[in-house]
Amino acid sequence: MELLDRLDALVGELALVQLDALEDGSLRAMAVGVERLAGQLRGIASQALGQIERRVPDGCAWWWRDETGLSGEAAGYAVRRSRDLRSMPVVSDAVVTGEISLEKAAALTGLVGRLDPQLIESFEPELVAGAKDRTVSGIHSWVRFLIAQNSEQDLVDEQAAAEAIRMLQYRLGPDGVVRGRFAIPAGAFEPVAAVIEPLARKQGEHDTRTAAQRRADALVDVFEAAARWMDLPQAGGQPVHVSYVLGAEWAAGQEGAPPAAGAWMGPMTRARAEAALCDARLHRVLLDENGQVRSLEAVNDQITRAQRRAVAARDQSCVAHGCNRPPAFCDVHHLISREDGGPTVLDNLALLCRRHHVMWHEGRILLPHLRVPWLRKPLDPPMVA
Ligand SMILES: [Zn+2]
Ligand SMILES: [Zn+2]
């Protein structure tokens, strides 16, 4: 086809441009212009594919796969997208004129088959205008909203289908990472996002965690807080609690002692176990040679409710610089550890969120990293008799 030959020749000329010889402005214009034209060309290719799809009743996805080298799945998706865009000619043309990307147009095709075709037709110009200012994922939300607005039943059906595939799986791997998958209906996930997202915001300018890392930390924080504060149903006649098993040899820091272990996830680092111990009630369980419990006694002074409230009122949040985790998400930390003779008194206690608490016990943050203006004198570990 002659037009294609001419375009091919023009692309060949473009490819010969000495990019490193271009001035900044021309180079930028080149990148932006070619990218935009490429998007428009993809729109034309998609329209052509849509016409082919109409003429080939038993499907053209395999042919498209073989011609383009796409995966079968990707080719099938491209054909479906082209077919759906055929019923949205204004949206489809907006891709060809460069107003919106093919990806945005594809997101709008979520309406096809869900709304009355005449309604879509009358609404197309508004769809194009609305898509311009939205991201692809923003368009997905918008499309769901439009469908729900038009027909509550559609939303009910969608969520019922989502209910059917709901699941959560997780498994501890040999590398000490718990990995999992989940699928939750959007409606049911609302409170999850509402809790996780604010907690996953960047904590100050020194926070170098990725968004995904911040979300993972937030998830753990929520469950730490739940285990601590919530009236969870009893399990086996006992309130839900997080328990760790620490041998006497471990506590004494003996070489080769079995590591501290949690009931569900097994061995954990000393720093993490020490952070848990810092704000825990400890019991000594003595076992006899047959493994029978010989005695059970409380061995540490538990932080009282009154002390906890006082520390929360004074510190307001985690005292690590730049961190603003509220008290409900914080441990009460002993600045001088209990093993070093640190007493359970207000001057020796401070709020730390679990992440910063573990970092302290790892030695990665120290007193100067904490916001503790109420600390009147430097804390020296008292002599251990
Ligand atoms: Zn601590
Ligand atoms: Zn913190």
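For clarity, every value in this text was computed on a predicted model and none was experimentally measured.

Student: Looking at this model, I keep getting lost on the overall build of the chain. Mind explaining?
Tutor: Regarding its fold elements, the chain presents 15 helices and nine strands. Its C-alpha radius of gyration of 31 Å places the chain more than 25% over the 21 Å reference for a compact globule of 385 residues. For the chain, the spread of C-alpha atoms along the three principal axes comes to 95 × 55 × 40 Å. By the burial criterion, 19% of the 385 residues in the chain qualify as buried. A separation of at least 24 residues holds for 53% of the contacts in the chain among residues at least 6 apart in sequence.

Student: How should helix 5 (residues 89–96) be read in this particular structure?
Tutor: Of the positions making up helix 5, those classed as buried are Val-91, Ser-92, Ala-94 and Val-95. Across the axial projection of helix 5, the buried residues extend over an arc of 155 degrees, all falling on one side. Looking at the packing, one finds that the buried side of helix 5 touches helix 2 (24–55), helix 4 (72–86), helix 6 (102–108) and helix 7 (117–132). A positive backbone phi angle near 85 degrees is found at Gly-98, which sits one or two residues after helix 5.

Student: Mind showing me how you'd approach the packing of helix 10 (residues 186–199) against helix 11 (residues 211–229) here?
Tutor: A pair of packed helices can be characterised by two numbers: the angle between their axes and the separation between those axes. The interhelical angle for the contact between helix 10 and helix 11, taken along N-to-C directions, is 115 degrees, at an axis separation of 8 Å. Considering only the axes of helix 10 and helix 11, their crossing is right-handed. Across the interface between the two elements, Val-195, Ile-196 and Leu-199 of helix 10 pack against Arg-215, Ala-218, Leu-219, Asp-221 and Val-222 of helix 11. Broken down by class, the residue content of the contact of helix 10 with helix 11 amounts to six nonpolar, no polar and two charged.

Student: Just checking my understanding: could you explain the nonpolar core for this structure?
Tutor: By size, the foremost hydrophobic cluster in this structure holds 20 residues, and its most contacted members are Val-91, Ala-105 and Leu-108. Residue assignment for this core shows that the elements contributing at least two residues are helix 5, helix 6, helix 7 and helix 8 (136–150). With residues up to four places along the chain from it excluded, the contact list for Leu-108 reads Met-88, Val-91, Leu-127, Ala-131, Ile-139 and Val-143. Formed by 16 residues, the second largest nonpolar core is a distinct cluster that contains Cys-323, Ala-350, Leu-352 and Leu-370.

Student: Would you mind going over unusual backbone geometry with me for this structure?
Tutor: Most of the time, phi is negative for any residue but glycine, and the peptide bond is trans. Unlike most non-glycine residues, Gln-316 shows phi in positive territory, near 70 degrees. Take Gln-316: it is sitting in the loop between helix 14 (305–315) and strand 8 (330–334).

Student: Is there a simple way to think about the packing of helix 2 against helix 4 in this case?
Tutor: One can describe the packing of helix 2 onto helix 4 by two numbers: an axis separation of 8 Å at closest approach and a directional angle of 90 degrees. With respect to their mutual orientation, helix 2 and helix 4 come out roughly perpendicular. Taken together, the residues of helix 4 that come into contact with helix 2 (itself represented by Ser-46, Leu-49, Gly-50, Glu-53 and Arg-54) are Ala-78, Val-79, Arg-81, Ser-82, Arg-83, Leu-85 and Arg-86. Taken together, the residues that form the contact of helix 2 with helix 4 break down as four nonpolar, three polar and five charged.

Student: Help me understand the sheet that holds strand 4 (residues 261–262) in this model?
Tutor: Sheet strands pair by backbone hydrogen bonding; their relative direction is either parallel or antiparallel. An order of 3-4-5 is seen for the three strands of this open sheet, with the pairing classed as antiparallel. Strands with a single pairing partner mark the edges of an open sheet, and in this sheet they are strand 3 (244–245) and strand 5 (266–267). Of the strand pairs in this sheet, strand 4 and strand 5 are connected by two bridges, and their pairing is antiparallel. Each bridged residue has a counterpart across the sheet, and for Gly-262 the counterpart in strand 5 is Gly-266.

Student: So what exactly am I meant to see when it comes to the domain arrangement of the chain here?
Tutor: One frequent convention defines the size of an interface as the accessible area lost when the parts assemble. Per the domain assignment, the segments making up the chain are domain 1 (2–164) and domain 2 (182–229). Each of domain 1 and domain 2 was reduced to a C-alpha centroid, and the two centroids are 34 Å apart.

Student: Mind showing me how you'd approach the pairing of strand 7 (residues 293–298) here?
Tutor: On any regular strand, side chains alternate: one points to one face of the sheet, the next to the other face. Where burial is concerned, little of strand 7 is hidden: zero out of the six residues are buried. Relative to strand 7, strand 6 (residues 283–287) is paired through five bridges, and the arrangement is antiparallel. The residue of strand 7 that forms the bridge with Val-285 is Leu-296. The turn joining strand 6 and strand 7, which pair antiparallel and follow one another in sequence, is formed by five residues; a positive phi near 80 degrees is taken by Gly-291.

Student: When you look at helix 1 (residues 2–15) in this model, what are you seeing that I'm missing?
Tutor: Note on helix geometry: an α-helix contains 3.6 residues per turn, so any two residues three or four positions apart are oriented the same way. With 14 residues, helix 1 should cover 20 Å at 1.5 Å per step; its first-to-last C-alpha distance of 20 Å lies within 8% of that length. Counting buried positions over the 14 residues of helix 1 gives zero, only a small fraction of the element.

Student: Before we go on, may I ask you to explain the environment of His-206 in this structure?
Tutor: Here His-206 is to be found in the loop between helix 10 and helix 11. When the C-alpha positions of His-206 and His-321 are compared, they lie 9.1 Å apart, and in sequence the two are 115 residues distant.

Student: Would you mind showing me how to read the confidence of the model for the chain here?
Tutor: Do not read the fine detail of predicted coordinates wherever pLDDT is low. For the chain, per-residue confidence averages 88 on the pLDDT scale, and residues scoring 70 or more make up 95% of the total. For the chain, the element scoring lowest by mean pLDDT is strand 6, at 77; helix 5 scores highest, at 97.

Student: In this structure, what is going on with the environment of Ala-38? I would like to understand it.
Tutor: By the element assignment, Ala-38 lies in helix 2. The exposure class of Ala-38 is exposed, given the 12 C-beta atoms found within 10 Å. Once the C-alpha coordinates of Ala-38 and Gly-187 are considered, the two residues, 149 residues apart in sequence, prove to be 38 Å apart.

Cut-offs applied
Residues numbered from 1 in each chain as written. Chains lettered and ligands numbered in written order. Predicted model: local features only at pLDDT ≥ 70, side-chain atom pairs only at ≥ 80, totals over all residues. Helix = DSSP H or I, 4+ residues; strand = E, 2+ residues; numbered from the N terminus. Rg over C-alpha atoms; globule rule 2.2 N^0.38 Å. Buried ≥ 20, exposed ≤ 12 C-beta atoms within 10 Å, placed from the backbone. Contact = placed C-beta atoms within 7 Å. Arc of directions from axis to C-beta. Axes fitted to C-alpha atoms, helices over the stretch in contact; angles between N-to-C directions. Left-handed = near helix turned anticlockwise from the far one by under 90°. Nonpolar A, V, L, I, M, F, W, Y, C, P; charged D, E, K, R; others polar. Core = buried A, V, L, I, M, F, W, Y, C linked by C-beta atoms within 7 Å. Parallel < 35°, antiparallel > 145°, perpendicular 65-115°, else oblique. Pairing = 2+ DSSP bridges. Domains from an automatic or database assignment. Expected span 1.5 Å × (residues − 1). pLDDT = per-residue confidence, 0-100.

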